[in-house]
Each structure stands twice: as C-alpha cells, then as structure tokens.
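Chain by chain, the residues:
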Amino acid sequence: TVEHNIIRGFTGDDIHVGLSGASGTIKGLVVEDNTFANNAGAGEPTLELSSQFSNNSIVGTVISRNTFTGNWNAVGLNGAVAGAYPASGNVISGTVISQNDFDGNELAISFIGGAQANATGNAVLQTEISDNVITRSMPYVAIGLAGGGQAASGNRVDGVSIVNNT
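Residues numbered from 1 in each chain as written. Predicted model: local features only at pLDDT ≥ 70, side-chain atom pairs only at ≥ 80, totals over all residues. Heavy atoms only, no water.

**Points about the pairing of strand S16 (residues 123-130)**
Counting buried residues in S16 gives 6 out of 8 residues, a clear majority hidden from the surface. In this structure, strand S12 (residues 91-93) lies alongside S16, joined through 3 bridges in parallel fashion. The partner of Ile92 across the bridge, within S16, is Val124. Pairing analysis gives 7 bridges linking S16 to strand S19 (residues 156-163), with the strands arranged parallel. Residue pairing for S19: Ser130 is matched across the bridge by Val163. (Buried < 20%, exposed > 50% of the residue type's maximum accessible area, 1.4 Å probe, protein only. Helix = DSSP H or I, 4+ residues; strand = E, 2+ residues; numbered from the N terminus. Pairing = 2+ DSSP bridges.)

Encoded structure:
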C-alpha cells in the first residue's frame, strides 16, 4: 500500500510499478490518498504500471482518492515498455482508477498495449475508470488508448469501462 504521501517536482516516474524480468507477478497494490504535483518529465508517467521482457502480470491494482496536479502524464498503464529485448505476453489486468482528482495534467490517463518497438502479445485488460474528476488535460487528452509502438503486433487494450467521470 502506498498512501498519504506528497510527491512533487520529479522529472522521472514518481512511482514505477514495473517488472523487469520474466514471469513475475505483482498483485493487489493499493495507491490511495496521495498528492502528485508538478512532475513534468516528458514521456514519464507520474504513476506507471509496466512490464519488460516476457510473461509478467500486474493484477488487481487500485488507484483511488489521489490528487494529480500539473503533471506530464498522471497515470500510465503500459503492457510493454522499452528494454533490451522485445517484450511479449505481459498483462496488466483488474485495475481500478476511481475517485481521483486530475487537474492541469498534459495527459490524465494513458493505456498502451505495447509501447516498445517489436512488442508482441501484451495486454491491458479489465480496467475500470470511474467517479474521477478530470479538468484541463492539455495539450493532449483526458484518457488515451493505443495499441503499440513501431513494428509491434498483437498488443491490445480490452475491457475498459469508463463511467461517471466529470
């Protein structure tokens, strides 16, 4: 559990939940009641869930009641990120992003099935985005979904529910 923290002014990932090996699992992470402000490293999510290499899973993460203000990308879910070898078979599933306040971020929430070149068969699945307040996400979007990077194939974002956000 990561709770009751104030994180300001970083240029890289503030919290990076990542698996850099093969066949690893992270289950049941809770990130709640934190403040993330003015963390502006381009290409670096403030809170990132990601995997490298192969067959890793991040399951059942809850991101709730946090405040994200003035960040480059507040929350990033990436099935495969850049590494020494093409990533394959990684899954991020069962994520709940709820009751957060996103204000003045360039991008509030992003999903990429396989961000790495040549990534194959990675997935971000069964994600609920609900009851969040999203204000002024410029110049990009409030919620962005993408399949993959250069020469990537078979990556997917599936089962995303976006409800009751304002």
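**Describing the packing of aromatic side chains**
Inspection of the entire model under this criterion finds 2 aromatic pairs. Between Phe68 and Phe102, the aromatic rings sit 5.0 Å apart at their centres with planes inclined by 5°, giving stacked as the arrangement. You can see Phe68 sitting in strand S10 (residues 67-69) and its partner Phe102 sitting in strand S14 (residues 101-103), a full 34 residues away along the chain. Pair check on accessibility: Phe68 and Phe102 agree, each one buried. Members of the aromatic cluster, connected to one another through ring pairs, are Phe36, Phe68 and Phe102. (Phe/Tyr/Trp six-rings, centres within 6.5 Å; stacked < 30°, edge-to-face > 60°.)

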